[in-house]
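Inside the fold
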Amino acid sequence: MSLVLDAAAQDLLFREARTANSFSDEPVTEEQVQAIYDLVKFGPTAFNQTPLRITLVRSPEARERLVKHMAEGNQAKTAAAPLVAILSADNEFHEELPQLLPHFPQAKDAFFAERPVREQSALVNGALQAAYFIVGVRAAGLAAGPMTGLDFAGVQKEFLDADHTPLMVVNIGKPGENAWFPRSPRLDFDQVVTTV
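Structure report, in brief. (Residues numbered from 1 in each chain as written. Predicted model: local features only at pLDDT ≥ 70, side-chain atom pairs only at ≥ 80, totals over all residues. Heavy atoms only, no water.)

Its location among the elements puts Val 40 in helix 2 (residues 30-40). A C-alpha to C-alpha distance of 9.3 Å links Val 40 and Ala 131, two positions 91 residues apart in sequence. Apart from the residues lying within four places of it in its own chain, the contact partners of Val 40 are Tyr 132, Phe 133 and Gly 136. (Helix = DSSP H or I, 4+ residues; strand = E, 2+ residues; numbered from the N terminus. Contact = heavy atoms within 4.5 Å.)

The phi angle of most residues is negative, glycine excepted, and most peptide bonds adopt the trans form. One non-glycine residue, Phe 47, lies in the positive phi region at around 55°. By the element assignment, Phe 47 lies in the loop between helix 2 and strand 1 (52-57). Although it is not a glycine, Asn 178 adopts a positive phi angle of roughly 50°. Along the chain, the position of Asn 178 falls in the loop between strand 4 (164-173) and helix 9 (189-192). Note on Asn 178: relative accessible area 73%, which makes it exposed. (Buried < 20%, exposed > 50% of the residue type's maximum accessible area, 1.4 Å probe, protein only.)

Here we come to the environment of Gln 49. Its place among the elements puts Gln 49 in the loop between helix 2 and strand 1. Judged by relative accessible area, which is 1%, Gln 49 ranks as buried. Residues Gln 49 and Leu 100 lie 51 residues apart in sequence; the distance between their C-alpha atoms is 6.9 Å.

Within the open sheet, the four strands sit side by side as 1-2-4-3. Their pairing is antiparallel. Each edge of the open sheet is held by one strand with a lone partner, namely strand 1 and strand 3 (143-147). The sheet shows a mean angle of 30° between the axes of neighbouring strands, taken without regard to direction. Inspection of the sheet shows strand 1 paired to strand 2 (residues 83-90) by six bridges, in the antiparallel sense. Within strand 2, the residue paired with Ile 54 across the bridge is Leu 87. On top of the sheet, helix 8 (residues 152-159) reaches strand 2 and strand 4; it is set at about 90° to strand 4, its chief contact. (Pairing = 2+ DSSP bridges. Axes fitted to C-alpha atoms, helices over the stretch in contact; angles between N-to-C directions.)

Quick look at empty space enclosed by the protein now. This model, assessed by the stated rule, comprises one cavity of 30 Å³ or more. Around the largest cavity, the lining residues are Tyr 37, Val 40, Leu 52, Ile 54, Gln 129, Tyr 132 and Phe 133. Of all elements in the fold, only helix 2, strand 1 and helix 7 (115-139) reach the threshold of two or more residues within the lining of the largest cavity. Element by element, the count of residues in the lining of the largest cavity is highest for helix 7, at three residues. The class makeup of the residues in the lining of the largest cavity is six nonpolar, one polar and no charged. (1 Å grid on protein atoms, 1.4 Å probe; cavity = no way out; pocket = protein on both sides within 12 Å on 5 of 7 lines; lining within 4 Å. Points joined across faces, edges and corners; volume = space filled by probe spheres on them. Nonpolar A, V, L, I, M, F, W, Y, C, P; charged D, E, K, R; others polar.)

Evaluation of the coordinates by the stated rule reveals five aromatic pairs. Ring centres 6.0 Å apart and planes at 75° place the aromatic pair Phe 104 and Phe 111 in the edge-to-face group. Judged by relative accessible area, Phe 104 falls into the partly exposed class, the value being 25%. In this structure Phe 111 comes out as partly exposed when scored by relative accessible area, which is 42%. Through a chain of ring-to-ring contacts, the aromatic side chains of Phe 47, Phe 93, Phe 104, Phe 111 and Phe 112 assemble into a single cluster. (Phe/Tyr/Trp six-rings, centres within 6.5 Å; stacked < 30°, edge-to-face > 60°.)

No statement about biological role is implied by the geometric values presented.
Structural data, given as structure tokens:
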């Protein structure tokens, strides 16, 4: 085996991990979410930028406001999940670069002075951080149900502002009964990897 990570950890994070479609009633605590973030914040990004923003939807009123913006097939599971997170990208992430990139604080103005450049970078690096977040949820022994079937403009208007672009909604918790659809196929190495 060429991997350093032991087989149990590989299974937990990837091989046995699945997108959950139902959850138990067991709550997800603030301490669990803190531990997840404190792990995944170390994932690499360009210029060490941190555009990901996480909005935890806990109150029944906020959950109701979110569910109405989800695609029909995602509404029931979003309504029932122990915790739901709206993951978004902060398009003004560059304001933090002097703190996050102290050896090159001028990167803020040298590379990210223009809004379209920031939006593109926030989208790419925010999505990268969202993937780390999903793996972190799995590392906490929880299941994640990431979804992009939603009214993005509606979610932005309801929960965010013009400087934050929604990326996805993630249901989080311990899997419930019949949580898994059959695993779909994946492409093989030779179908994906080209050596030049």
